[in-house]
Amino acid sequence: MGELQLMKGNEAIAEAAIRAGCDAYFGYPITPQSEVLEYLMSEKAYERTGMVVLQAESELAAINMVYGAASTGKRVMTSSSSPGISLKQEGISYMAGAELPCLIVNVVRGGPGLGTIQPSQADYFQSTKGGGHGDYRLLVLAPASVQEMSDFVKLAFDLAFKYRNPALILSDGVIGQMMEKVELFEQQPRATTFDQSWVTTGKTPNRERNIITSLNLDPVLQEQHNHHLQEKYERMKAEVRFERYHCDDAEYLMVAYGSSARICQKAVLLAREKGIRVGLLRPITLYPFPSEPLLELSKQVKGILSVEMSAGQMIEDVRLAVHDTVKVEHYGRYGGVIHSPEEVLDAFMKKIVGG
Amino acid sequence: MDIKDIIKPENLVYKRTPLLTSNTLSYCPGCGHGTTHRVIMEVIEEMGIQADTIGIAPVGCSVLAYDFMDIDMVQAAHGRAPAVATGIKRTWPEKFVFSYQGDGDLAAIGTSETIHCCNRGESIVIIFINNGIYGMTGGQMAPTTLVGMKSSTSPYGRDVAFMGNPLKITELVAQLPGTCFVTRQAVHTPAAVRKTKKAVRMAFENQKANKGLSFIEVVSNCNSGWKMTPVAANKWMEENMFPFYPLGDMKVDGRIVSKELLSLAGVKTE
Ligand SMILES: Cc1ncc(C[n+]2csc(CCOP(=O)(O)OP(=O)(O)O)c2C)c(N)n1
Ligand code: SF4
Ligand SMILES: [Mg+2]
């Protein structure tokens, strides 16, 4: 068994970054994720592994520092919360276009605008449908525990390099701030093991110059590049991950990710105490979305409640997955308010069982 | 004499550096961008650092600099080249990193990145092409557009009360402790090109010695944006740009040498 520690979700992200052999972190403070940069500094990550840690002058600068370091093949990351992630969108779009691997962490807070510093899941559209301009997708992982905050850092880096694509950890203020026991993975070397033929580290006589760009003035070439990207996003669907909870005998289903999934686990148990057989499907990857397992499950259930701390974003993917064959409703408190298991159960009884 | 006799190697007086590709330049004839590219590539060739140099291309007319410079390059979002350069230099401190940026890129949308990169003293080189206008997008007003100067978004001339003052960002960064070498040059005559080349060489030598950030402004023409012939544009530049943007070193080896800046700081010079 690995080393056990009691940590906040944000600290687990930072510790995992050091252990995953991350080469550089660039970030800008914002609640509720400032602990990531604070932890990297107080832990002296730069001494532990030689990792670069830099507080940038803005999220714009931070994401473009990530872009620069990623162009050279480094394992590089940034983290922020909703308003900061909005600022980063141009840079993320450039990275998707230039096919640069990196890790972005969003510890979501309530919006829109400056909103609130309390937890939210209202950045689902931004995370899974692109976010910035152009046709692109990120690999999106949704941790539901502090343990997964740690584990997914490593996983996200591996996937980002496998597909040469930015990966996003979509967390929220609950998971970022809560403390749980974490089993930390072993320190990995800061070694690059992937194909480095494309990196810009200086043109040596044995190869052509390497260029990192997202520009194609010829629309036909740009269309070809877009085709290539779309093919890649199709291939990324092999990475779909999800968790089933009490699904085998379920006659109703809840779908929830992140902290809402934790709340729904409790709601499922409360429903089962009443003799109603409810299951929970927890998408772990939000892009790719677990549409097929959801379609399978939909065949055995009478109704589905999509639960999210938003006005209803993920429900669109749930509905698309089940092709309107079964009733699907949304429930969630939002704008920074967290729903309780009882509230979820109540909505479930009214909207799905009773309705 | 036959042409074959003339082109003998021993008669060679000038040769294009192999670090410029044979791609046709996308710049308007007479534009200063091409000459500045050449100067930078000559310095990189002479220092033998091609294998260790990474350049950052901006958004602007020089967005395609990577088509012409035979080095590894990264194209940055509009204004963000200093941040991109920081990301590279911090993770590869032993490499040579430079950004190449226009005045809209560096002094409008990217002002924050410029100031903070200079203030952190990142050990990089910034080449700043000041043509007083947004060349690429068709001649709109830039932060550097002179008072009274016409552009497509100041068609009756820049009016300070309405549009604000032109920004001398080079004078600004010279005062930051992170900059080591700050100079303003031009490339409109052979003599000016020689001086610019000397400055570029010094900038890369500074980077080699890890002395801090070197910042080279090149006051340049944009004959298309200014709607002049190349010759008239150079003359107009000498008569109008140079008085407001005087050429010369502002800071050398971390010490301010410009009389204008010293007097601003209250230091008496004779
Ligand atoms: C975010 C963003 N805003 C605006 C533009 C449009 N744009 C492209 S180049 C440019 C101005 C470039 O002017 P300058 O930096 O002076 O370079 P020059 O072309 O004069 O060399 C603008 C506004 C853009 N590409 N991206
Ligand atoms: S538009 Fe101006 S800056 Fe651009 S290439 Fe032409 S002359 Fe040069
Ligand atoms: Mg310009």
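Counting restarts for each chain: residues are numbered from 1 in the order of the written sequence. Numbering of ligands from 1 and lettering of chains from A proceed in the order in which they are written. It should be noted that, the model being predicted, local features are given only for residues of pLDDT at least 70 and side-chain atom pairs only at 80 or more, the latter also being counted only at that level, while totals for whole chains, interfaces and linings use all residues. Side-chain metrics in this entry use all non-hydrogen atoms of the structure; hydrogen atoms and water are not considered.

Visitor: Before we go on, may I ask you to explain the coordination of the magnesium ion (ligand 3) in this structure?
Guide: Angles at a metal have ideal values that depend on geometry: 109.5 degrees with four tetrahedral donors, 90 or 180 degrees with six octahedral donors. Donor criterion used throughout: N, O or S atom within 2.8 Å of the metal, extended to 3.2 Å for Na, K and Ca. Water excluded; incomplete-looking sites may result. Asp103 of chain B (OD), Asn131 of chain B (OD1) and Ile133 of chain B (O) make up the full set of protein donors to the magnesium ion (ligand 3), lying at 2.0 to 2.1 Å. In this scheme, a residue with accessible area under 20% of its type's maximum is buried, one over 50% is exposed, and one in between is partly exposed, where area comes from a 1.4 Å probe on protein chains only. Classification of Ile133 of chain B by relative accessible area gives buried; the value is 1%.

Visitor: What am I meant to see in the domain arrangement of chain A here?
Guide: Frequently, the measure chosen for interface size is the accessible area removed from exposure when the parts meet. All names here are of chain A. Source of the domain bounds: an automatic or database domain assignment. Entries for chain A in the domain assignment read domain 1 (3–238) and domain 2 (243–353). Computed from C-alpha atoms alone, the centre-to-centre distance between domain 1 and domain 2 is 28 Å. Here the quantity called buried area is the accessible surface, traced with a 1.4 Å probe, that two parts lose on coming together, added over both. Summing the contributions of domain 1 and of domain 2, the shared interface buries around 2,300 Å²; its carbon and sulfur component is 56%. By the criterion of area lost to domain 2, the three top residues of domain 1 are Gln121, Tyr124 and Phe125, representing 31% of everything that side buries. In what follows, salt bridge is the name for a side-chain nitrogen of Lys or Arg lying within 4 Å of a carboxyl oxygen of Asp or Glu. Summed over the shared surface of domain 1 and domain 2, the number is three salt bridges. Residues Arg282 and Glu148 are paired through a salt bridge, measuring 2.7 Å at the closest nitrogen-oxygen approach. The term polar contact refers here to a pair of N or O atoms within 3.5 Å; inside protein, the definition further demands a hydrogen-donor-capable atom paired with an acceptor-capable atom, and it admits residues adjacent in sequence only when both atoms are side-chain atoms. Between domain 1 and domain 2 we count 15 residue pairs in polar contact (both at pLDDT 80 or more) in total. Strands here mean DSSP runs of E at least two residues long; helices mean DSSP runs of H or I at least four residues long; both are numbered from the N terminus. Mapped onto the side of domain 1 that touches domain 2, the elements with two or more residues apiece are α7 (124–128), β6 (139–141), α8 (146–163), β7 (166–172), α9 (173–177) and α10 (219–236). In the scheme used here, Gly and all other residues not listed as nonpolar or charged are polar, with Ala, Val, Leu, Ile, Met, Phe, Trp, Tyr, Cys and Pro taken as nonpolar and Asp, Glu, Lys and Arg as charged. In terms of residue class, the side of domain 1 that touches domain 2 is built from 18 nonpolar, eight polar and seven charged.

Visitor: Sorry if this is basic, but what is going on with the nonpolar core here?
Guide: What tends to happen in soluble globular proteins is that the nonpolar side chains get buried as a cluster. By convention a nonpolar core is built from buried Ala, Val, Leu, Ile, Met, Phe, Trp, Tyr and Cys residues, the set being connected through side-chain atoms within 4.5 Å. In terms of nonpolar packing, the biggest core is built from 125 residues, with Phe26 of chain A together with Phe215 of chain B touching the most fellow members. Top contributing element to this core by residue count: α8 of chain A, with 11 residues. When residues of this core are assigned to domains, at least three fall in each of domain 1 (3–238) and domain 2 (243–353) of chain A. Those residues in contact with Phe26 of chain A that sit more than four places away from it in its chain are Val52, Leu54, Ala62, Met65, Val66, Ala69, Val76, Met77, Thr78 and Ser79 of chain A together with Gly87 of chain B. In terms of nonpolar packing, the next biggest core, distinct from the first, is built from 36 residues, Leu20, Val43, Met69 and Ala203 of chain B among them. Throughout, a residue-residue contact means that at least one pair of heavy atoms, one from each residue, lies within 4.5 Å.

Visitor: Even after reading the chapter, I still don't get the interface of chain B and chain A, so can you show me in this structure?
Guide: On the side of chain A, 33 residues touch chain B, which itself brings 37 residues to the contact. Surface buried jointly by chain B and chain A totals about 2,700 Å² across both partners, of which 60% is contributed by carbon and sulfur atoms. Considering only the side of chain B, the residues that lose the most area to chain A are Tyr66, Asp72 and Thr91 of chain B, jointly responsible for 20% of the buried surface there. Note that Arg209 of chain A is salt-bridged to Asp70 of chain B, the shortest N-O span being 3.8 Å. Where chain B meets chain A, there are 14 residue pairs in polar contact (both at pLDDT 80 or more). Elements that contribute at least two residues to the side of chain B that touches chain A include exactly β1 (53–57), α3 (65–68), β2 (72–75), α4 (81–91) and α6 (111–120) of chain B. When grouped by side-chain class, the residues that make up the side of chain B that touches chain A number 16 nonpolar, 11 polar and 10 charged.

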